[in-house]
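# Structural features, examined
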Amino acid sequence: MNTRVVAVPHSGDPLGSFDDSKDPLARLEHWHISPDAKDAVATLTPAAEYLRTKDTPVAFPTETVYGLGADATRSASVKGIYSAKGRPSDNPLIVHVSDLHMLRSLLGSQDESAIPARYKSLIKRFWPGPLTILLPNPDPSPLAPEVTAGLKSFGVRMPSSPLALTLIKLAGVPLAAPSANASTKPSPTMAQHVKDDLDGRIELILDGGSCEVGVESTVVDGLCDPPVVLRPGGVGIDELRSCPGWEDVVKAYKDQSEEGKAAPRAPGMKYKHYSPKARVVLYESSYKDGREGIVRADAEAVAAATNGDSHAVNGSGRKKVGVIRTKRWKPAAGLRCSKLELYARQNGHSQQNGYHDETSFDVYMGDLQNGQGDAIGQIFDISLGGETRGIAQGLFSALRELDRRGADIIFVDGIDDELDIAAAVMNRLRKAASETRA
Ligand code: TXA
Ligand code: MG
């Protein structure tokens, strides 16, 4: 199968708008495609037609991560998602709708009361946007059974990406879409990431530039009491708690650290998720020597990274060490390093089509040295900056970038696990990590 990456042209004018209403709920009733969005529509229309008629999924951007979309009402097309991704079929998919009218058609009623009252405060505040809610799946349901993997509820969200809303609207059907990575890999935040994972497995990747949020949606279940967060994401638990009916929402997910696995875990013992090829070693913000970097405090990890001594110098023994810095670490994380210089400027790759919101970070490279000053490998250093939102936006991309450079091991500077998007960042990092140092 030949995989095409198609840039969706964007003149800068809005692709569409919701109803013109002051009521934040009534406003979301219909997404209207703008008559001025001709260029984008000319590209998205055949993609929408493909989604309606073919059984191979189409990758498309959302504000969180790229999704691998299929018509959620047809079993054959939903099955295509599982096979393209290599995803276990017991993991349900998120349904994406363009507006509330489409959502109600899934609930079998256009009645106001079709959506449980508790969700209204969340929908008003966070839709369109990175929040997935669980709703009861009616019987019979318009959704293909493969979407829900046998559960009595389905997960649904209205993305805020105008490109995604327009694609769904043109398709005229809700799109089931998991993140468009190969199973176990970090979620894709650029079209190139999708191509790296799914080349030859799908025919079409729509390129809309870099994703704004960078981590997936928050998944909540408001059908139980108290309501729960099933996955932390783009909407923080503190923001949920400020909404009527959600003051006492509780966390129903567990991070590795809370499962008593903060100590290094044996390789192969972990459930692989969000993982690059390289071994990821995560330093929690509680780690004692965090400000200095990792060298002095963590001789063991450094020895593992460098094969212990200079005999790595000969040929293939040279190690490539990746460093992802956030709020605390100095360049090279305190490893012995010389000649750390700008090596690559990461700017996404769709500058030509009018999207200028790319995640951008620079990669620095230098020689990794042993105690005697011999060069025993290379260091690739990426800084995601000190802002939590920027860290979330660049995280998956940085893990993938270091994989592309052939890193053997990646050291990551963790951040405080606050109730905002930082919870999502640390949740993904703990899943990606082979070892966590606390
Ligand atoms: O931001 C996102 O949510 C992205 C973009 C593409 O929209 N999608 C995404 O989908 O992350 P995926 O399939 O990678 O993650 C879906 C999550 C899983 O943790 C799944 O278990 C949960 O949502 N989920 C979906 N339906 C569910 C249901 N009925 N009950 C419980 N969990 C559900
Ligand atoms: Mg995923």
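Please refer to the structure placed before this passage.
Reference entry: report on the structure contained in this document. Quantities reported herein were computed from a predicted structural model and do not represent experimental measurements. (Residues numbered from 1 in each chain as written. Chains lettered and ligands numbered in written order. Predicted model: local features only at pLDDT ≥ 70, side-chain atom pairs only at ≥ 80, totals over all residues. Heavy atoms only, no water.)

### Observations regarding the packing of helix α10 (residues 388-404) against helix α11 (residues 422-432)
Worth spelling out the cut-off: Each axis is a line fitted through C-alpha atoms, and for a helix only the stretch in contact is used; angles between axes span 0 to 180 degrees, taken between their N-to-C directions. Secondary structure follows DSSP: runs of H or I at least 4 residues long count as helices, runs of E at least 2 residues long count as strands, and numbering of each begins at the N terminus. Convention used here: angles under 35 degrees read as roughly parallel, angles over 145 as roughly antiparallel, angles from 65 to 115 as roughly perpendicular, and any remaining angle as oblique. Crossing handedness is defined as follows: a turn of the near helix away from the far one that is anticlockwise and smaller than a right angle gives a left-handed crossing, while the clockwise case is right-handed. Here, two residues are considered to be in contact whenever any of their heavy atoms come within 4.5 Å of each other. Gly falls in the polar group here, along with every residue not listed as nonpolar (Ala, Val, Leu, Ile, Met, Phe, Trp, Tyr, Cys, Pro) or charged (Asp, Glu, Lys, Arg).
Between α10 and α11, the shortest axis-to-axis distance is 9 Å and the interhelical angle comes to 30 degrees. By the angle between their axes, α10 is roughly parallel relative to α11. In this structure, α10 meets α11 at a crossing whose hand is left-handed. Residues Thr388, Ile391, Ala392, Leu395 and Phe396 of α10 pack against Ala422, Val425, Arg428 and Leu429 of α11. By residue class, the composition of the contact of α10 with α11 is seven nonpolar, one polar and one charged.

### Points about the nonpolar core
To keep it simple, the criterion reads: For this analysis, a nonpolar core means a set of buried residues of the types Ala, Val, Leu, Ile, Met, Phe, Trp, Tyr and Cys, connected via side-chain atoms within 4.5 Å. Burial classification: accessible surface area is computed with a 1.4 Å probe over protein chains only, and a residue below 20% of its type maximum counts as buried, one above 50% as exposed, and the rest as partly exposed.
Residues Leu103, Tyr119 and Trp127 are the most contacted members of the largest nonpolar core, which totals 79 residues. What tryptophan 127 contacts, discounting residues up to four positions off in sequence, is Leu28, Leu100, Leu103, Leu122, Ile133, Val156, Arg157 and Met158.

### Points about helix α1 (residues 38-53)
Which entries qualify depends on this criterion: For a helix, the expected span equals 1.5 Å multiplied by the residue count minus one. What is called the bend at a residue is the angle between a pair of axes, fitted to the seven residues leading up to and ending at it and to the seven starting from it.
The terminal C-alpha atoms of α1, which comprises 16 residues, lie 23 Å apart, in line with the 22 Å expected from a rise of 1.5 Å per residue. Helix geometry: α1 is bent most strongly at leucine 44, by close to 30 degrees, with proline proline 46 lying one to four residues after it. Within α1, burial applies to Ala40, Thr43, Leu44, Ala47, Ala48, Tyr50 and Leu51. Among the structural elements, β1 (4-7), β4 (58-60), β5 (67-71), α6 (162-171), β9 (175-176) and β10 (204-207) are those in contact with the buried residues of α1.

### As for the pattern of salt bridges
When the charged atoms of two side chains with opposite charge come close together, those side chains can pair. Here is the rule we go by: Salt bridge, as applied in this entry: a Lys or Arg side-chain nitrogen positioned within 4 Å of an Asp or Glu carboxyl oxygen.
Following the criterion strictly, the structure yields 21 salt bridges and no others. Ionic pairing is found between arginine 74 and aspartate 71, a salt bridge with its closest N-O pair at 3.1 Å. Under the relative-accessibility criterion, aspartate 71 is labelled buried at 3%. Glutamate 112 is the salt-bridge partner of lysine 120, the closest N and O atoms lying 3.5 Å from each other. The exposure class of lysine 120 is buried, given its relative accessible area of 18%. Overall, the relative accessible area of 48% leaves glutamate 112 in the partly exposed class. Residues participating in the shared-partner salt-bridge network are Asp55, Asp71 and Arg74.

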